[in-house]
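The lines below spell out each chain.
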Amino acid sequence: EPRRALPSGRSRARSRGAAGAALLPSMLMFGVILASSGLLLMIERGILAQVGPPPLHPPAGLSRRDGRDSPAELELEVLRDTRNRTIRALCGQRSMPRSVWDLPPGQRRTVLRHLLVSDKYRFLYCYVPKVACSNWKRILKVLDGALESVDVQGKMDHKSDLVFLGDMKPEEISYRLKHYYKFIFVRNPMERLLSAYRNKFGEIKEYQQKYGVEIVRRYRKNGGNSAGDDVSFSEFLQYLLDEEVERMNEHWMPIYNLCQPCAVRYDFIGSYERLHADANHVLEHIQSPSFVRFPERQAWYKPVTAETLHYYLCNTQRRLLRELLPKYILDFSLFAYPLPNITSEFCRQ
């Protein structure tokens, strides 16, 4: 990825204006949809309480067929129904894109270079960094015969032996979008941001030098001597607030912008919270060989726990979260994730 200068202090106001524009008419349209649920009002007032899908009765067709559905299974079905209804409501708006060809060129390039192709098993997978995409890429390589096993050790090569939809001709792209099975995996937006922050600025020297040094220099008094390995979470969030959405690094770009769920009608939306169960569902649907399984978590991996997220959010200025949330509101709402709870009562726990 070519190095580029971060926006200067003088251009931050312009960057914020461009970032708002980058949210498409979708931000305005979705504002209408969200108004009924009160989410935007809560952001405006700074009341970021735990807001999830409303306590629905089972939608038609989701009632217990034989009395043996567990509460967890029923809750999952309601969650999926909520996601599907919300996506249909948003994507049904007249101003929303109906295909990737309706997208501006920059947004089209982004989604096409995140859609991985398996012609052998006829599926498209939109990879989202920090949502187990490395393991899915391992699976694609195994299915294609480029990798012997998902358990092969070594640094993951995120480019070689993978087929990207963006490298194909327009007619080839259209055919696959129409006929192939399409899926994505999503994650709680704030949890994903925290995971990216801890990984990139706590472990990856390239990111510390490329982004960390400038972030500290910009947001910290006398921060010119930093090596970029001491970026605070608040400084990172302030940087995201000032960054144009369409120019963000893929590790913190909103999922909506990466995968465009209105322009690409996904057949399945898996979640990080049910990673193995949802991954097995996909593998069964594409009829992958029985020896192909979703990899187990590496022993060295340090997951973001609810307690860790609680700690970071409760030690972040509420103003900063309140201003940042609109950039990720589509991810929260489309995929039915609760807004972060940073009420005084919750943070005292």
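Residues numbered from 1 in each chain as written. Predicted model: local features only at pLDDT ≥ 70, side-chain atom pairs only at ≥ 80, totals over all residues. Heavy atoms only, no water.

As recorded in an unreviewed UniProt entry, the protein chain goes by the name Carbohydrate sulfotransferase, listed as coming from Rhabdornis inornatus. UniProt, in the comment section headed Sequence similarities (unreviewed entry), describes the protein chain in these words: "Belongs to the sulfotransferase 2 family." (UniProt positions renumbered as here; feature names shortened; annotations may be inferred.)

Engineer: Sorry, what's going on with the overall build of the protein chain here?
Structural biologist: If you tally the helices and strands in the protein chain, you get 15 helices and four strands. Burial analysis of the protein chain (349 residues in total) assigns 51% to the buried set. For the protein chain, contacts bridging at least 24 residues in sequence account for 73% of all contacts bridging at least 6. When the accessible surface of the protein chain is totalled, it reaches about 17,700 Å², and 51% of it is carbon and sulfur. (Helix = DSSP H or I, 4+ residues; strand = E, 2+ residues; numbered from the N terminus. Buried < 20%, exposed > 50% of the residue type's maximum accessible area, 1.4 Å probe, protein only. Contact = heavy atoms within 4.5 Å. Areas by Shrake-Rupley, 256 points an atom, 1.4 Å probe, with all protein chains shown as cover.)

Engineer: Can you help me understand the pattern of salt bridges in this one?
Structural biologist: Pairing between side chains of opposite charge can happen when their charged atoms approach one another. Tallied over the full model, the rule gives 10 salt bridges. Ionic pairing is found between Arg-220 and Glu-235, a salt bridge with its closest N-O pair at 2.9 Å. You can see Arg-220 sitting in the loop between helix H9 (205–219) and helix H10 (233–242) and its partner Glu-235 sitting in helix H10, a full 15 residues away along the chain. Relative accessible area serves as the criterion here: at 10%, Glu-235 is assigned to the buried category. Across the salt bridge formed by Glu-323 and Arg-319, the nearest N and O atoms sit 3.1 Å from each other. You can see Glu-323 and its partner Arg-319 sitting in helix H14 (residues 318–334), four residues apart, about one turn around the helix. Under the relative-accessibility criterion, Glu-323 is labelled partly exposed at 33%. It is possible to trace a salt-bridge network through shared partners that takes in Arg-80, Arg-274 and Asp-278. (Salt bridge = Lys/Arg side-chain N within 4 Å of Asp/Glu carboxyl O.)

Engineer: When you look at the side chain of Ser-195 in this model, what are you seeing that I'm missing?
Structural biologist: Mapped onto the fold, Ser-195 is located in helix H8 (residues 189–202). Not counting residues up to four positions away in its chain, the partners in contact with Ser-195 are Lys-130, Arg-187, Tyr-301 and Val-304.

Engineer: Looking at this model, I keep getting lost on the state of the cysteines. Mind explaining?
Structural biologist: Two cysteines, two sulfur atoms, one covalent bond between them: this is a disulfide. Per the counting criterion, the structure on display carries three disulfides. A sulfur-sulfur separation of 2.0 Å characterises the disulfide bridge that pairs Cys-126 with Cys-259. Residues Cys-126 and Cys-259 are joined by a disulfide whose S-S torsion is about -95 degrees; by sign, that bridge is left-handed. Taken together, the positions of Cys-126 in strand S2 (residues 123–126) and Cys-259 in helix H11 (residues 255–259) put the pair 133 residues apart, joining distant regions of the chain. With relative accessibility at 0%, the residue Cys-126 sits in the buried group. Numbered in order of appearance, the disulfide-bonded cysteines of the protein chain are paired 1-4, 2-3, 5-6. (Disulfide = S-S within 2.5 Å.)

Engineer: Please clarify how the sheet that holds strand S4 (residues 268–271) should be interpreted in this entry.
Structural biologist: The strands that make up a sheet pair up through hydrogen bonds in the backbone, lying either parallel or antiparallel. An order of S1-S2-S3-S4 is seen for the four strands of this open sheet, with the pairing classed as mixed. For this open sheet the edge positions go to strand S1 (115–118) and S4, each flanked by a neighbour on one side alone. On average, adjacent strands in this sheet sit at an angle of 25 degrees to one another, irrespective of strand direction. Strand direction decides the pairing type here: S1 and S2, joined by four bridges, are antiparallel. Its bridge partner being in S2, Val-117 is matched across the sheet by Leu-124. (Pairing = 2+ DSSP bridges. Axes fitted to C-alpha atoms, helices over the stretch in contact; angles between N-to-C directions.)

Engineer: Would you take a moment to explain the nonpolar core for this structure?
Structural biologist: For soluble globular proteins, the rule of thumb is that nonpolar side chains tend to be buried together. Core analysis: the largest hydrophobic core is formed by 94 residues, its most contacted members being Leu-115, Trp-136, Phe-236, Leu-240 and Trp-252. Among residues more than four places away in sequence, those in contact with Leu-240 are Leu-193, Met-248, Trp-252, Leu-324, Lys-327 and Tyr-328. (Core = buried A, V, L, I, M, F, W, Y, C linked by side-chain atoms within 4.5 Å.)

Engineer: Looking at this structure, how should I read the side chain of Arg-192?
Structural biologist: Relative to the helices and strands, Arg-192 resides in helix H8. Buried and unpaired, Arg-192 has Asp-331 as its nearest opposite-charge partner, separated by 4.7 Å. Apart from residues no more than four positions distant in its own chain, Arg-192 is found in contact with Val-128, Pro-129, Lys-130, Val-131, Arg-187, Glu-250, His-251, Trp-252, Met-253, Pro-254, Ile-255 and Leu-258. (Lys, Arg positive; Asp, Glu negative; His and termini not counted.)

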